[in-house]
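# Descriptive structure summary
Single-letter residue listing:
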Amino acid sequence: QLRAGRKARLESNVSSSPSMCDADVIRLGVQCRCTEQSNVPVAQANAQFARGWREKAERNCQKVRDSRHVDVVWYGDSITESWEGTSMGKVTARTKGIEKQWEELFYNDNAVNSNGTAGNSSKLKFLALGISADQTQHLIYRLNGCELRDAPLLQPKVIVVAIGTNNIGVGCTAEEAIKGLARTLATIRRLRPEAKVVLLGLLPRAPKGIGASATSYKNYYTPRLLQMNGALRNMAAQDSEKVRYMDGWNLFAITKHLQKPPAIGGKELFISLNRMPDLLHPNAEGMRIWGTRVRTFVQNWVLNDAVLGTPRVSMPRSQGAKKRLSIVSRRRREKENNTTTFTSHTHTHTHTHTHT
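The notes below deal with the structure included here. None of the values given here were measured: they were computed from a predicted structure. Here, residues in each chain are numbered from 1, in the same order as that chain's written sequence. In keeping with the predicted nature of the model, local features appear solely for residues at pLDDT of at least 70, side-chain atom pairs appear and are counted solely at 80 or more, and the whole-chain, interface and lining totals rest on all residues. Values shown for side chains rest on all heavy atoms present in the structure; no hydrogens or waters enter the calculation.

### Thoughts on the packing of aromatic side chains
Stacked, tilted and edge-to-face are the three classes assigned to paired rings of Phe, Tyr and Trp, where Trp is represented by its six-membered ring and a pair needs centres within 6.5 Å; plane angles under 30 degrees give stacked, over 60 edge-to-face, the rest tilted. Under the defined criterion, the tally for this structure stands at eleven aromatic pairs. Aromatic side chains Phe106 and Phe126 sit 4.5 Å apart centroid to centroid with 45° between the ring planes, which places their arrangement in the tilted category. Here Phe106 is found in helix H4 (residues 98–106), whereas its partner Phe126 is found in strand S4 (residues 126–130), with 20 residues between them in sequence. Counting every residue linked through ring pairs, the aromatic cluster contains Trp74, Trp83, Trp102, Phe106, Phe126 and Trp290. In this arrangement the basic side chain of Arg205 is found over the ring face of Tyr221, its NZ or CZ atom lying 4.4 Å from the centre. Against the face of Phe270 rests Lys256, its NZ or CZ located 5.0 Å from the ring centre. Counting from the N terminus, the helices are the DSSP runs of H or I reaching at least four residues and the strands are the DSSP runs of E reaching at least two. Two thresholds decide whether a charge sits over a ring: the Lys NZ or Arg CZ must be within 6 Å of the ring centre and within 35 degrees of the ring normal.

Structure, rendered in C-alpha cells:
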C-alpha cells in the first residue's frame, strides 16, 4: 500500500478561497479549479486523476526502494514523468522518444542502456520521480512519504525540482503558487539538509485559443510564470551555498521581430512548436535540449565542488575563476610530483544529434 505522507496531511485542505483564484483569469471566463492550498500536503483528489495518481505514486515508491547509490533525484509533474516515456504511468504519443533521451543523457558510466550498451553520458546517477497533473501540494505530500522522508537509503547529492505550472493551470494566483514553492523547498531542506537543491525555472506555456504566443498581453500565463520564476530565483539567492536556480525559459520562448504592430516594439514572444508542440510539454527534442542544460548545470556544480573541496567563497567572478584555476594547477603539479593524488572530472559531454 502507498505509505506516502501518512503523517503529512495537516488539515482538510478541501475548500477553496476566493483569494486563491486569479481574478484576472476569472474575468477571461476561465473556470478556477484552485481548490487546494498549495502549501498544505495532500494526495491527488481530482476524480479524473486520483486512481492513476495512486498507482503511479506506488510505482515511484518501488523505484525508490529498488534504487541504490543515486546521486541526483529529479522531482516534478508530467514534464518530469515524461522522462519515463509515460503520462500517469501510461505510454502516450506525446512522450515518444523522451525515455531514449533520458538514457542517453543521464545513464552514468556504471549503468546499462536499454539496448544493452554501456551508458557513458553522465558522471552522476540520476533518478526521475514525476507524476502527471501534480501541483506543489501533491509533491509535498510525496516528499513526506516514501519518496524521501521514509526512504533512508535515498541520500542524493542533488535534488532537482520542477513543479508549479499546474497550480497556475488550475487558476491559482501566482502568490498562492509561490507559497507552495516555498513549502516544497523547505520540506526538502528539512528532510535532506546536506543535499544541494536545484530549482528549475518554470517553462512557458499557452492557454487554448491564442496560438503559440508567449507575449504577456496575449498570454495570461506568462506574467504569472515569470513572477514565480523570480520567486524561485530569490529563494536560491537566500541560501546560495545549498540552493541554486536554473532557468530554461529561453530554450522554448523565442523572440520574433514583426514588421507590423500590435507587438510592442515590433517584437513578440512565441513558444517553439518544434520543441513544445502542445504548448505545455516539451517533446523529445525539447527535453534533450533542456535536459542537457540541467545535466551540465548539476555536474558542474557537484563535480567542481568535489575537485575544489569546500563550496566556493563568494567573490567577483574574475577573482574566483583565477583562484580556482590556481588551486587546480597547484594540485596538478603536486600530483605530478607524486606528493598527493587528485582526480578532476570537469568535462561535460553533450550530445549534438537530434531525435524527431
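### Section: the state of the cysteines
Here, a disulfide means two cysteine sulfur atoms that sit within 2.5 Å of each other. Scanning all chains against the criterion turns up three disulfides. The disulfide bridge from Cys21 ends at Cys32, spanning 2.1 Å between sulfur atoms. Disulfide Cys21-Cys32: torsion about the S-S bond near -85°, hence left-handed. Separated by eleven residues along the polypeptide, Cys21 in the segment before helix H1 (23–27) and Cys32 in the loop between H1 and helix H2 (50–66) bring together distant segments of the chain.

### As for the nonpolar core
What we call a nonpolar core is a set of buried Ala, Val, Leu, Ile, Met, Phe, Trp, Tyr and Cys residues that are connected through their side-chain atoms within 4.5 Å. Relative accessibility under 20% of the residue-type maximum defines a buried residue, over 50% an exposed one, and the middle range a partly exposed one, all with a 1.4 Å probe and only protein chains included. One finds Tyr75, Leu154, Val161, Leu199, Met228 and Met235 to be the most contacted residues of the largest nonpolar core, which totals 39 residues. If you list the elements that add at least two residues to this core, you get strand S1 (72–76), S4, helix H5 (136–143), strand S5 (158–162), helix H7 (174–191), strand S6 (196–200), helix H8 (221–237) and strand S7 (243–246). Only heavy atoms enter the contact rule, under which two residues are in contact if any of them lie within 4.5 Å. Setting aside residues up to four positions removed in sequence, Val161 forms contacts with Tyr75, Leu139, Thr184, Ile188, Val197, Val198, Leu199 and Leu200. Core analysis: the next-biggest nonpolar cluster, separate from the first, contains 35 residues, Ala162, Ala214, Ile289 and Val298 among them.

### Points about H8
The span one expects for a helix is its residue count, reduced by one, times 1.5 Å. Helix length check: H8, at 17 residues, gives a terminal C-alpha distance of 24 Å against a target of 24 Å (1.5 Å per residue), a fit within 8%. On the buried face of H8, the contacting elements are H1, helix H6 (165–169), H7, S6 and S7.

### Let's talk about the pattern of salt bridges
Any carboxyl oxygen of Asp or Glu that lies within 4 Å of a side-chain nitrogen of Lys or Arg is treated as forming a salt bridge with it. For the coordinates displayed, the defined rule picks out 16 salt bridges. Where Asp24 meets Arg224, a salt bridge forms, and the shortest distance between an N and an O atom there is 3.4 Å. Linking Asp24 in helix H1 with Arg224 in helix H8, this pair joins segments that are 200 residues apart in sequence. As a salt-bridge pair, Glu58 and Arg65 come within 2.8 Å of each other at their nearest N and O atoms. For Arg65, a relative accessible area of 37% translates into the label partly exposed. Three or more residues are tied together by salt bridges with common partners; here these are Asp22, Asp24, Arg27 and Arg224.

### Describing the sheet that holds S6
A sheet is described by the order of its strands in space; here five strands give the open sequence S4-S1-S5-S6-S7, paired in parallel fashion. Edge strands, defined here as strands with exactly one partner in the open sheet, are S4 and S7. Put simply, the sheet's adjacent strands are angled 20° from each other on average, direction ignored. Here the axes come from fitting lines to C-alpha atoms, over the contacting stretch only for helices, and the angles between their N-to-C directions go from 0 to 180 degrees. Across the sheet, H5 touches S1, S4 and S5, and the angle it forms with S1 is around 140°. Together, S5, S6 and S7 form the strand contacts of H7, whose direction differs from that of S6 by roughly 165°. A pair of strands is labelled paired if DSSP reports no fewer than 2 bridges between them.

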